[in-house]
Amino acid sequence: MDKTKILIFKTSDFWFYLSKNQKDLINEGVYLMNDIIRDGAYNFKDYSFLVFPFAKAYEGFLKQLFKDIKFISHLDYISDHLRLGKLMSPNLVNKLGNRSLYKKIKDKAGQELADKIWNCWKIGRNQVFHYYPHNLKALSFSEAENIIDQILTTMEEIYKKLLK
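This one's a predicted model, so the numbers in the text were calculated from it and none came from an experiment.

### Some details on the packing of helix 4 (residues 48-68) against helix 10 (residues 141-163)
- Running from N to C, helix 4 and helix 10 cross one another at 10°; their axes reach a closest spacing of 10 Å. Classified by the interaxial angle, the pair formed by helix 4 and helix 10 is roughly parallel. The residues of helix 10 that touch helix 4, namely those facing Leu50, Val51, Phe54, Ala55, Ala57, Tyr58, Phe61, Leu62, Leu65 and Asp68, are Phe141, Ala144, Ile147, Ile148, Ile151, Leu152, Thr154, Met155, Ile158, Tyr159, Leu162 and Leu163.
- The residue makeup of the contact of helix 4 with helix 10, split by class, is 20 nonpolar, one polar and one charged.

Here it is in structure tokens:
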């Protein structure tokens, strides 16, 4: 992520909505990416670890936003048992009924945004951090950078379409 884009990002209304912890995760991820890894002093086989702070910020942001727009309760927000991935899955809409976040997003802002939020979750979290012996998903630096950009862009779009 280039420094100009980050500067613009950090002056947006969206940036000021984020919690201090979410900002810290993003700042640490940007530092790791731009000031430690980009120099190419060492080539890793897998750059998935670069995605982690951004994916964690994405999860925190989603929980905060869903609480603020009353898609989840305060008790859900502070719960150690809330599973956003399950609640956001388009495959579980019928099973979850009124608890389906996918359905709530779709009803409020349309299927395109609901799909984008879900796909960002899958690509930026599920497909990066799960380990499957038959399919070790290793990311190149460029792939990690693209996922990070997708996470940040999706977060900003969610903020604009669901909160503003």
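### Some remarks on the pattern of salt bridges
- Overall, the coordinates contain eight salt bridges when judged by the stated rule.
- With a closest N to O distance of 3.7 Å, Lys63 and Glu59 form a salt bridge. In this pair, Lys63 and Glu59 are both assigned in helix 4, four residues apart and thus about one turn of the helix distant.
- Assessed through its relative accessible area of 15%, Lys63 is described here as buried.
- Between Lys116 and Glu157 there is a salt bridge whose closest N-O contact spans 2.6 Å. One end of the pair, Lys116, is in helix 9 (residues 111-129); the other, Glu157, is in helix 10, with 41 residues separating them in the sequence.
- Judged by relative accessible area, which is 31%, Lys116 ranks as partly exposed.
- Since its relative accessible area comes to 16%, Glu157 is described here as buried.
- The structure contains a network of salt bridges with shared partners spanning Glu59, Lys63 and Arg125.

About the thresholds
Residues numbered from 1 in each chain as written. Predicted model: local features only at pLDDT ≥ 70, side-chain atom pairs only at ≥ 80, totals over all residues. Heavy atoms only, no water. Axes fitted to C-alpha atoms, helices over the stretch in contact; angles between N-to-C directions. Helix = DSSP H or I, 4+ residues; strand = E, 2+ residues; numbered from the N terminus. Parallel < 35°, antiparallel > 145°, perpendicular 65-115°, else oblique. Contact = heavy atoms within 4.5 Å. Nonpolar A, V, L, I, M, F, W, Y, C, P; charged D, E, K, R; others polar. Salt bridge = Lys/Arg side-chain N within 4 Å of Asp/Glu carboxyl O. Buried < 20%, exposed > 50% of the residue type's maximum accessible area, 1.4 Å probe, protein only.

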